[in-house]
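# Architecture at a glance
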Amino acid sequence: MDRMASGWINGFIGVLIFSGSLPATRVAVMQFDPVFLTVARAAIAGILALGLLIAFREKRPSRRDLISLVVVALGVVVGFPLLTALALQHVTSAHSIVFIGLLPLSTAIFGVIRGGERPKPAFWLFSGLGSALVAGFALTQGLTASPVGDLLMLAAIVACGLGYAEGGRLSRTLGGWQVISWALVLSLPVMVAVAFLHRPASFAGIETPALIGLAYVSLFSMLIGFIFWYRGLSLGGIAAVGQLQLLQPFFGLALAATLLHEPVTWIMLAVTVAVILCVAGARRFAR
């Protein structure tokens, strides 16, 4: 199997895993404080990542990689989880999932800035059109939903795009699972301390769905998904494989409708389909 095909397969698996993140966060944040949920998921994943690094006797990253690892940690370990958890206090997961349509463009922009990639002009045309559709949806729906929630989701997309691109670039030399593992380990002392300070007074009243949501975002969203995702970005290219993120709304909306029984309007579906068509065109000109 060539590098490009392997990159797309790994990227697809990562996207499939990430698709459950927002619905799981929505369930968990109903009973967990957003700050606690953010740091607890990172602390749990960090402990597991530390175990992996020790088990495989991985060498410590070089000093020149530390800044990049901090950027990854701020983007995907803290920034995206915290901002989405806060946003999901104001909007439904179905509403927030549509914003994932902006992630490919955000990732591609940072892929150019940090990864040195140079997509063709037609790529930006298609990606820009897809992003405009998502922005238009936010403007029409946000006024009746929650402008605060929409702004938090936009900030989350910027943070996530930076973390994805930086991690994908670093994965070329450090390895995919090593990047997310070291980023989690670097964050671990702070995450554990903050989790202890913001812990619930009692876990006795926490219901099973919230605990399952916490377990999912800790194990799959924060660790396993990134192992596949960063490998995919490093093998297939940040801008190109990043377009697979447009599959997330389909999977995420399906989960929100089936598991959470949230309303999925025809406008959400129409925007999702239109954006995916635009990014499918962008993918052809990613290199």
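Worth saying up front: this structure is predicted, and the values here are computed from it rather than measured.

What follows deals with the nonpolar core. Membership of the largest hydrophobic core comes to 76 residues, with the highest contact counts inside it found for Val 77, Tyr 164 and Tyr 230. The leading source of residues in this core is helix α9 (residues 176-197), at ten residues. Excluding residues within four positions of it along the chain, Val 77 makes contact with Thr 38, Ala 42, Val 72, Ile 180, Ala 183, Leu 184, Ser 187 and Met 222.

Another point: helix α4 (residues 63-87). Taking 1.5 Å of rise per residue, 25 residues should cover 36 Å, and α4 covers 35 Å from first to last C-alpha, within 8% of that figure. Where α4 bends most, at Gly 79, the angle is about 40°, and the proline Pro 81 comes one to four residues later.

Glancing now at the pattern of salt bridges. Under the defined criterion, the tally for this structure stands at three salt bridges. Between Arg 172 and Glu 117 there is a salt bridge; the shortest N-O distance is 3.2 Å. Of the two residues, Arg 172 sits in helix α8 (residues 147-174) while Glu 117 sits in the loop between α6 (103-115) and α7 (121-142), which places them 55 residues apart along the sequence. Under the relative-accessibility criterion, Arg 172 is labelled partly exposed at 42%. Measuring nitrogen to oxygen at the nearest pair gives 2.9 Å for the salt bridge that ties Glu 166 to Arg 169. Of the two residues, Glu 166 and Arg 169 both sit in helix α8, three residues apart, roughly one turn of that helix. Among the residues examined, Arg 169 registers a relative accessible area of 23% and is labelled partly exposed. Beyond isolated ion pairs, a larger network of salt bridges with shared partners links Arg 114, Glu 166 and Arg 169.

The next thing to look at is helix α1 (residues 3-18). Across its 16 residues, α1 extends 22 Å between first and last C-alpha, which sits within 8% of the 22 Å expected from 1.5 Å per residue. Buried within α1 we find Ser 6, Gly 7, Asn 10, Gly 11, Gly 14, Val 15, Ile 17 and Phe 18. Take α1 and look down its axis: the buried residues cluster within an arc of 165°, on one side only. If you follow the buried residues of α1, they end up packed against α2 (21-28), α8, α10 (208-236), α11 (238-242) and α12 (248-259).

A positive phi angle is found at Arg 57, which is not glycine, with a value near 50°. Relative to the elements of secondary structure, Arg 57 occurs in the loop between α3 (34-55) and α4. We classify Arg 57 as exposed; its relative accessible area is 75%.

What counts, and where the lines are drawn
Residues numbered from 1 in each chain as written. Predicted model: local features only at pLDDT ≥ 70, side-chain atom pairs only at ≥ 80, totals over all residues. Heavy atoms only, no water. Core = buried A, V, L, I, M, F, W, Y, C linked by side-chain atoms within 4.5 Å. Buried < 20%, exposed > 50% of the residue type's maximum accessible area, 1.4 Å probe, protein only. Helix = DSSP H or I, 4+ residues; strand = E, 2+ residues; numbered from the N terminus. Contact = heavy atoms within 4.5 Å. Expected span 1.5 Å × (residues − 1). Bend = angle between axes of the 7 residues up to and from the residue. Salt bridge = Lys/Arg side-chain N within 4 Å of Asp/Glu carboxyl O. Arc of directions from axis to C-beta.

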